[in-house]
Amino acid sequence: MENGSAAAPVPRVGVAVFLLKGKSVLLGRRRSPGAGNSTFALPGGHLEFGESFEECAAREVEEETGLEVDRTEFLTVTNNVFKEEPMPSHYVTIFMRAILADDDERVPQNLEPNKCDGWDWYNWDNLPTPLFWPLEKMVISGFNPLPSLS
Ligand code: 8DG
Ligand code: MG
Ligand code: MG
């Protein structure tokens, strides 16, 4: 109803990327007026109209870190209700995995310093704290984004 009041909030789709380099994953400390301020999170963002999960993953990683991804694949999806945050929100978050496109020695750039303190590689067995809560939940449940040895 167009009555001048704010629209009812709706769930949105987030895409987050486990960018892997060996046994390490790229994380950055969030700067956010909304969910997860000051916690370590994956690169990622909002799925745009018409985008595939793979396209969104590649775009967000490029926008946020300057890195180019390859072998992007879907891992899992979780439902995340951020009720207690300063700006309550609800995300269905698609988790993808990818590796660096070419030169493995390329360094991530902090291209959105208003949203992130900086990117670094962390060994999956030695993750920083505090993790962004959706990620923390996955770690606690035993989720592992590394490819299984075959
Ligand atoms: P955009 O304007 O670039 O599209 O958005 P953004 O500013 O980059 O969005 P974001 O907050 O980084 O990501 C969108 C949502 O995805 C986030 O608010 C909640 C959800 N999300 C998770 N886990 C993670 C995660 O580990 N990293 C990121 N970046 N988002 C995540 O549930
Ligand atoms: Mg973004
Ligand atoms: Mg983001």
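All values derive from a computational prediction rather than experimental measurement.

Conventions and cut-offs
Residues numbered from 1 in each chain as written. Chains lettered and ligands numbered in written order. Predicted model: local features only at pLDDT ≥ 70, side-chain atom pairs only at ≥ 80, totals over all residues. Heavy atoms only, no water. Patch = residues over 30% accessible without salt bridge, like charges linked within 9 Å, V, L, I, M, F, W, Y side chains within 5 Å. Areas by Shrake-Rupley, 256 points an atom, 1.4 Å probe, with all protein chains shown as cover. Salt bridge = Lys/Arg side-chain N within 4 Å of Asp/Glu carboxyl O. Helix = DSSP H or I, 4+ residues; strand = E, 2+ residues; numbered from the N terminus. Buried < 20%, exposed > 50% of the residue type's maximum accessible area, 1.4 Å probe, protein only. 1 Å grid on protein atoms, 1.4 Å probe; cavity = no way out; pocket = protein on both sides within 12 Å on 5 of 7 lines; lining within 4 Å. Points joined across faces, edges and corners; volume = space filled by probe spheres on them. Nonpolar A, V, L, I, M, F, W, Y, C, P; charged D, E, K, R; others polar. Near = heavy atom within 4 Å. Polar contact = N/O pair within 3.5 Å; in protein donor to acceptor, adjacent residues only side chain to side chain. Sits in = over half its atoms within 2 Å of the grid points. Donors = N, O, S within 2.8 Å, 3.2 Å for Na, K, Ca; no water.

Trainee: Got a minute to help me understand a nonpolar patch on the surface in this structure?
Mentor: Nonpolar side chains collect at one region of the surface, where Val13, Phe53, Phe74 and Val77 lie side by side and expose about 300 Å² of accessible area between them. Inspection of the secondary structure puts phenylalanine 53 in helix H1 (residues 53–65). Phenylalanine 53 gets classed as partly exposed once you look at its relative accessible area, which sits at 31%.

Trainee: Mind showing me how you'd approach the layout of surface pockets here?
Mentor: One simple way to see leftover space: roll a probe sized like a water molecule over the atoms. The space that makes up the largest pocket amounts to roughly 840 Å³. In this structure, the largest pocket is lined by 36 residues; those nearest its centre are Arg30, Gly44, Gly45, His46 and Tyr91. Tallied by class, residues from the lining of the largest pocket come to 17 nonpolar, 11 polar and eight charged. Considering only enclosed or pocket space, the second largest pocket measures out at about 170 Å³ in volume. Along its surface, the second largest pocket is lined by 10 residues, and Leu20, Gly22, Lys23, Leu146 and Pro147 are the ones closest to its centre. Elements with a minimum of two residues in the lining of the second largest pocket: strand S1 (12–21) and strand S6 (89–100). When grouped by side-chain class, the residues that make up the lining of the second largest pocket number six nonpolar, one polar and three charged.

Trainee: What is the right way to read the site of ligand 1 from this model?
Mentor: With respect to spatial proximity, 18 residues lie near ligand 1, and among them Leu42, His46, Glu64, Thr93 and Lys115 are the closest. At a separation of 2.9 Å, an oxygen atom of ligand 1 approaches a polar side-chain atom of arginine 30. Cavity membership is defined here by more than half of the atoms lying within 2 Å of grid points; on that basis ligand 1 lies in the largest pocket. In terms of residue class, the shell around ligand 1 is made up of eight nonpolar, six polar and four charged.

Trainee: What exactly am I supposed to notice about the coordination of the magnesium ion (ligand 2) here?
Mentor: In a perfect tetrahedron of four donors around a metal, the angles come out at 109.5 degrees. In a perfect octahedron of six, they are 90 or 180 degrees. Every protein donor of the magnesium ion (ligand 2) is accounted for by Glu60 (OE) and Glu64 (OE), and the metal-donor separations fall at 2.1 to 2.2 Å. In this structure, the magnesium ion (ligand 2) lies 3.3 Å from the magnesium ion (ligand 3), and both are coordinated by glutamate 64. In this pair, glutamate 60 and glutamate 64 both sit in helix H1, four residues apart, roughly one turn of the helix. Per residue, the accessibility class of glutamate 60 equals that of glutamate 64, and both read buried.

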